[in-house]
Amino acid sequence: MPDSTTEDSVAVALLPSLRHATNSSSQVAIVGSNLCPVESLDYEIAENDFFKQDWRARSKTQIFQYVFMKWLLCFFVGIIVSLIGFTNNLAVENLAGVKFVVTSNMMLAGRYSMGFFVFTVTNLLLTLFASVITAFVAPAAAGSGIPEVKAYLNGVDAPEIFSLRTLLVKIIGNISAVSGSLLIGKAGPMVHTGACVASILGQGGSKRYGLTWRWLRYFNNDRDRRDLVTCGSAAGIAASFRAPVGGVLFALEEMSSWWRSALLWRIFFSTAVVAIVLRALIDVCLSGKCGLFGKGGLIVFDVYSENASYHLGDVLPVLLLGFVGGILGSIYNFLLEKVLRAYNYIYEKGVAWKIILACAISIFTSCLLFGLPFLASCQPCPADALEECPTIGRSGNFKKYQCPPGHYNDLASLIFNTNDDAIKNLFSKNTDFEFHYLSVLVFFITCFFLSILSYGIVAPAGLFVPVIVTGASYGRFVGMLLGSKNLNDGLYAVLGAASFLGGSMRMTVSLCVILLELTNNLLLLPMMMVVLLISKTVADAFNANIYNLIMKIKGFPYLHSHVEPYMRQLTVGDVVTGPLQVFKGIEKIETIVHVLKTTNHNGFPVVDGPPLAPASVLYGLILRDHILTLLKNRVFLSSPVAFDSNTLAQFKADEFAKKGSGRGDRIEDVELSEEELNMYLDLHPFSNASPYTVLETMSLAKALVLFREVGLRHILVIPKSSNRPPLVGILTRHDFMPEHILGLRPTLSRSRWKRLRIRLPFLS
């Protein structure tokens, strides 16, 4: 069964299907903002004769170097990602800070029209720059990048997702877009950035741009690179929120499809490096050496209160907060899915429409952010204010805006600010009477819808921070309505953020720890656990988590950990389809070239027959890349005989190493003479003689568990009877996709809908 294909053959058919129902069984997907071919990854080590000989020849020193390089690269990932994270925050705080200071100064002088013009044009130019470089330089950098990284760790590879070009556009584009006051975040792009850094280091640099380091090229397979990318994704979250333990748990709970204790230690090491480097850099900024950076960004939000105690009477409101947060989170996911599908319609019209949409969202956002505070009434400055009131400048709880001396605009303190400062204001302690009910409600509604509209534009954009801002405003509003004597409004804002995150992203442990590290308040742990559990449970009754929905929209063939019930009714023999391409152990070059040119299969079974074996017998599996390497080296035989023992010595392990993500040799690049086409090639030494095989009678559910847990690309299906040919077919990721299965068995789809109507009568 093929597991890769060309873009041209199915791109036209896929796009219409993405409008209404996703087609995850296809081998193309929307990567960033463009349609690209995708393939599966080879997480299984091909244990052929050449591989075994290479490992036996390695000395203890080489083995030590291999282990040492794993830890060294994890250290490099931590250092580089922390520096990028700090640079992102430094740039955003200064760019946005200068913009807000200039605009505020104009408003103080009564030049409101000029202030609006400067604010809107600055945001438009920043957004235009981000969308142009994304659309024309690296379309794979669009969006948060978490769906792409999550799919990669599940075994799906796509071109350019981890390239150096994507990395640079991700960093620069996200800085520009966030500074342009779009309601997007930095956390998702930081996860993608960390994964890019890890992938580039893991493959020894970027060959396209001549930035390669031979001493880094120790990881020649997808399994080692996957581990390093997992470290990078965890480091990205750690750098976004200064949450090292939260980063580890995020990688475990949300990103990784495969885990082991050795990987846990290396990820923890990477995030610890991130935390140490950030702490050192922030200490420098607190001394005033980083311009306007120093009060927002990576600084921990101060919600700690010595009197933060709660009683049994506070539990019921918190339960209600979690319940409603779960409903709001599921509505948020539903609306975001619809908006992304609508954007796909627009993006089909061309690149110009992508940029026009981004600019339109920017202008609309600027109008709301500048205009809405004028609807709020001015509040007198409190006599016991802990900071200057009104605030004149970039940040603070008491924005003067258009108010007279001695008064402040509470809505401007939230909406005319960076996202980080808005969260800081919402989470702040001892501020129960600083914000009016209507102002917080308007801010919640604005964030809810603006974040949905802003995410799908062609620019690096995250969801984490917008969801936190929206949830915090929701929680603060509930706290103000309840007027609890034990829990202040800032603590309700934290719980509201937790409930909205749980309802949208459906994580529990990692979100709990991230928020605790973010707010530095352990007293909220029991309440936060309850809120997350309730919001996730409620939201799960309506739809999937936001990243799974985005992966489905994009068409990534992601294999989930749960098994569909109908898979237990099917055997692997029911879903295997042909035609099956098989090579002999010693095959003619002409036949090999013909098969490679007429198919896109990545793996080919090797079957021996007479005279090499008394009857047809399955020898193993050989990969397409390995065959291409053999053809390029032209180790051919004039007659169909086996290689001698000295043949393997002609090859180096680097020649069979996995190429960088999205790259690979092509059969069209191999030129052979007529004489060479009539020669032979012995595939035995380079075939995996122990591939994973299953009987054709095994249930599809059981095969899926094996396929996903081991991280396979192929499973060979063998017959139960010895009187039949040695091979029934090959299972690939494509064969486990519900779209493929239900396409072969339409009755399963009808019966599933019938069972759903029995459980939910209102659907009738």
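Here is a short report on the structure shown in this document. (Residues numbered from 1 in each chain as written. Predicted model: local features only at pLDDT ≥ 70, side-chain atom pairs only at ≥ 80, totals over all residues. Heavy atoms only, no water.)

It is worth spelling out the sheet that holds strand β11 (residues 603-608) at this point. What the 3 strands build is an open sheet, ordered β9-β11-β12; its pairing is mixed. What marks the edges here is a single partner per strand, and that holds for β9 (583-584) and β12 (617-623). Bridge count between β11 and β12: 6 bridges; the pairing is antiparallel. Across the sheet, the residue bridging to F604 is I622, located in β12. Sheet contacts for helix α23 (residues 624-633): β9, β11 and β12; angle to β12, the most-contacted strand, approximately 75°. (Pairing = 2+ DSSP bridges. Helix = DSSP H or I, 4+ residues; strand = E, 2+ residues; numbered from the N terminus. Contact = heavy atoms within 4.5 Å. Axes fitted to C-alpha atoms, helices over the stretch in contact; angles between N-to-C directions.)

The next point concerns the nonpolar core. In terms of nonpolar packing, the biggest core is built from 152 residues, with F241, F464 and M528 touching the most fellow members. A per-element tally of this core places helix α3 (residues 60-108) first, with 12 residues. Setting aside anything within four residues of it in sequence, one finds F464 in contact with A187, I237, F241, F250, L501, M505, M507, L511, I514 and Y547. Counting residues in each nonpolar core, the second largest holds 26 residues, with F50, L596, V606 and L631 among its members. (Core = buried A, V, L, I, M, F, W, Y, C linked by side-chain atoms within 4.5 Å. Buried < 20%, exposed > 50% of the residue type's maximum accessible area, 1.4 Å probe, protein only.)

We now examine the state of the cysteines. Under the defined criterion, the tally for this structure stands at 1 disulfide. What pairs with C378 in a disulfide is C403, and their sulfur atoms sit 2.1 Å apart. Here C378 and C403 share a disulfide; its torsion about the S-S bond, -95°, makes the bridge left-handed. Placement of C378 in the loop between α12 (351-371) and β7 (379-380) and of C403 in the loop between β7 and β8 (407-408) is noted, with a sequence separation of 25 residues between them. (Disulfide = S-S within 2.5 Å.)

Remark: helix α5 (residues 146-154) packs on helix α8 (residues 222-241), axes separated minimally by 10 Å, with the N-to-C direction vectors making an angle of 150°. Put simply, α5 runs roughly antiparallel to α8. Our pair here, α5 against α8, has a crossing hand that is left-handed. On α8, the residues touching V149, Y152 and L153 of α5 are R225, R226, V229, T230 and S233. Residue composition of the contact of α5 with α8, by class: 4 nonpolar, 2 polar and 2 charged. (Parallel < 35°, antiparallel > 145°, perpendicular 65-115°, else oblique. Left-handed = near helix turned anticlockwise from the far one by under 90°. Nonpolar A, V, L, I, M, F, W, Y, C, P; charged D, E, K, R; others polar.)

Turning next to helix α15 (residues 437-455). Here α15 is 19 residues long and its end C-alpha atoms lie 27 Å apart, about the 27 Å a rise of 1.5 Å per residue gives. Of all the positions in α15, only S439, V440, F443, F444, T446, C447, F448, L450, S451, I452, S454 and Y455 are classed as buried. (Expected span 1.5 Å × (residues − 1).)

Next up on the list: the sheet that holds strand β15 (residues 715-718). Taken in spatial order, the 3 strands of this open sheet run β14-β15-β16, and their pairing is mixed. Two strands in the sheet have a free side with no partner beyond their single neighbour: β14 (693-695) and β16 (729-731). When strand polarity is set aside, the average angle formed by the axes of neighbouring strands in this sheet is 35°. Helix-sheet contacts for helix α25 (residues 700-710) involve β14, β15 and β16, and the interaxial angle to β15 is about 150°.

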